[in-house]
Amino acid sequence: MDIDTGTTELLCSVQGGVALITLNRPEARNAMSPGLTEALRNQIKARGDDPDVGALLITGAGTAFCSGGDVKGMGGRGPRGQMSYEERLSDLRWRQSHLTGALVAVRKPTIAALPGAAAGAGLAIALACDIRIAAKSAFGTTGYARIGLSGDYGIAWLLTRTVGPMRARELMLTSEKVDAERGERIGLFNRVVDDAKLQAEAFAFAKSLADGPRVALSLIKDNLDDALHIDYATAHYREAERLVSASRTADHKEAVQAFVEKRKPVFAGK
């Protein structure tokens, strides 16, 4: 089922419980235009709340995932250049919280499929997803230092928690390009696949999660998020609450019955 996003710069469809969201500015390497980012914010929220969706898969058309912000509109050249400091700060904070902030908050599995470059804020979008699957020709770069900026969309926080503080500092300070092989080695990417197989393998992976026990997967994400912020005693206290909640779901009962009957479980997301 195709979804009307309000712009041709972002495509969205729901197939087999997977919301496939495609950044569609291939001529600009899927750079973040106002129309694209507004539509992306809306679809993250809408598909995150959609009961027919079990996983979100975000990718880019053409040979890039997302090259980040539109550099031509920077340096005071764009409409935001006329804003006061306070207006610009408030605007950026709102845009961040409703894009990568909203993506991190989605309680469904989120996957980024990278056919090529993920740079700057584009890399931040990929990092805000749970899983990153990269084509062999893909690469990631923070890019900010190269254009005299410090970073936005939560990239320093996301990168530190993905590759650790030592690597995060290196990648933020140097803006070096990290190819797919090295990216997988340092934990920037979860998996690397042949270019021609990227979309099919990423969709199959997303569908396997969408077909899973959705309540349990949501609670697993809660546990993993807690692990970054709270002490062990509080973590296992909350884990116990969530496991008891999961044990009362129809999906848990189906999984146990399927185990007894030696068959694959069919989850209903309840």
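In what follows, the structure referred to is the one given above.
Calculation notes
Residues numbered from 1 in each chain as written. Predicted model: local features only at pLDDT ≥ 70, side-chain atom pairs only at ≥ 80, totals over all residues. Heavy atoms only, no water. Helix = DSSP H or I, 4+ residues; strand = E, 2+ residues; numbered from the N terminus. Expected span 1.5 Å × (residues − 1). Contact = heavy atoms within 4.5 Å. Polar contact = N/O pair within 3.5 Å; in protein donor to acceptor, adjacent residues only side chain to side chain. Pairing = 2+ DSSP bridges. Axes fitted to C-alpha atoms, helices over the stretch in contact; angles between N-to-C directions. Buried < 20%, exposed > 50% of the residue type's maximum accessible area, 1.4 Å probe, protein only. Salt bridge = Lys/Arg side-chain N within 4 Å of Asp/Glu carboxyl O.

1. As for helix H10 (residues 232-247)
Because an α-helix packs 3.6 residues into every turn, residues spaced three or four apart end up facing the same way.
Okay, so step 1: The terminal C-alpha atoms of H10 lie 22 Å apart, and with 16 residues this matches the ideal 22 Å at 1.5 Å per residue to within 8%.
Okay, so step 2: On its buried face, H10 is in contact with helix H9 (214-227) and helix H11 (250-260).
Okay, so step 3: Backbone nitrogen of Ala 233 and a side-chain oxygen of the N-cap are separated by 3.1 Å at the start of H10; the cap is Asp 231.

2. Here's the deal with the sheet that holds strand S2 (residues 10-15)
Okay, so step 1: On the basis of which strands lie adjacent, the open sheet formed by seven strands has the order S1-S2-S3-S4-S6-S8-S11 and mixed pairing. Strands with a single pairing partner mark the edges of an open sheet, and in this sheet they are strand S1 (2-3) and strand S11 (191-193).
Okay, so step 2: Note that S2 and strand S3 (residues 18-23) share six bridges and pair antiparallel. Within S3, the residue paired with Val 14 across the bridge is Ala 19.
Okay, so step 3: Sitting on the sheet, helix H1 (residues 34-49) touches S1, S2, S3 and strand S4 (55-60), and the angle it makes with S2 is about 15 degrees.

3. Quick word on the pairing of strand S6 (residues 110-114)
For a regular strand, the rule is simple: side chains alternate between the two faces of the sheet.
Okay, so step 1: Burial runs high along S6: five of the five residues are buried.
Okay, so step 2: Burial of S6 is two-sided: the residues Thr 110, Ala 112 and Leu 114 facing one way and the residues Ile 111 and Ala 113 facing the other way are all buried.
Okay, so step 3: Two elements, S4 and S6, share four bridges in a ladder whose sense is parallel. Paired with Thr 59 across the two strands is Ala 113, which belongs to S6.
Okay, so step 4: For S6 and strand S8 (residues 131-135), the ladder comprises four bridges, and the chain directions are parallel. By the bridge assignment for S8, Ala 112 is matched with Arg 132.

4. Section: the environment of Lys 197
Okay, so step 1: Within the secondary structure layout, Lys 197 lies in the loop between S11 and helix H8 (198-210).
Okay, so step 2: Residue classification places Lys 197 among the partly exposed residues on the basis of a relative accessible area of 43%.

5. Description of the pattern of salt bridges
Okay, so step 1: Scanning the model with the defined rule gives 16 salt bridges in all.
Okay, so step 2: Put simply, Arg 263 and Glu 261 hold a salt bridge, and the shortest N to O gap is 2.6 Å.
Okay, so step 3: A relative accessible area of 33% places Arg 263 in the partly exposed class.
Okay, so step 4: For Glu 261, a relative accessible area of 42% puts it in the partly exposed group.

6. Points about the sheet that holds strand S9 (residues 139-141)
Okay, so step 1: Ordered by their spatial adjacency, four strands build an open sheet running S5-S7-S9-S10, and the pairing between neighbours is mixed. Only two strands of the sheet have a single neighbouring strand rather than two, namely strand S5 (64-66) and strand S10 (178-179).
Okay, so step 2: As judged from the two bridges shared by S5 and strand S7 (residues 117-119), these two strands associate in the parallel manner. The residue bridging Cys 66 from the neighbouring strand is Ala 118, located in S7.
Okay, so step 3: Relative to S7, helix H4 (residues 121-128) is tilted by about 100 degrees, and along the sheet it contacts S5, S7 and S9.

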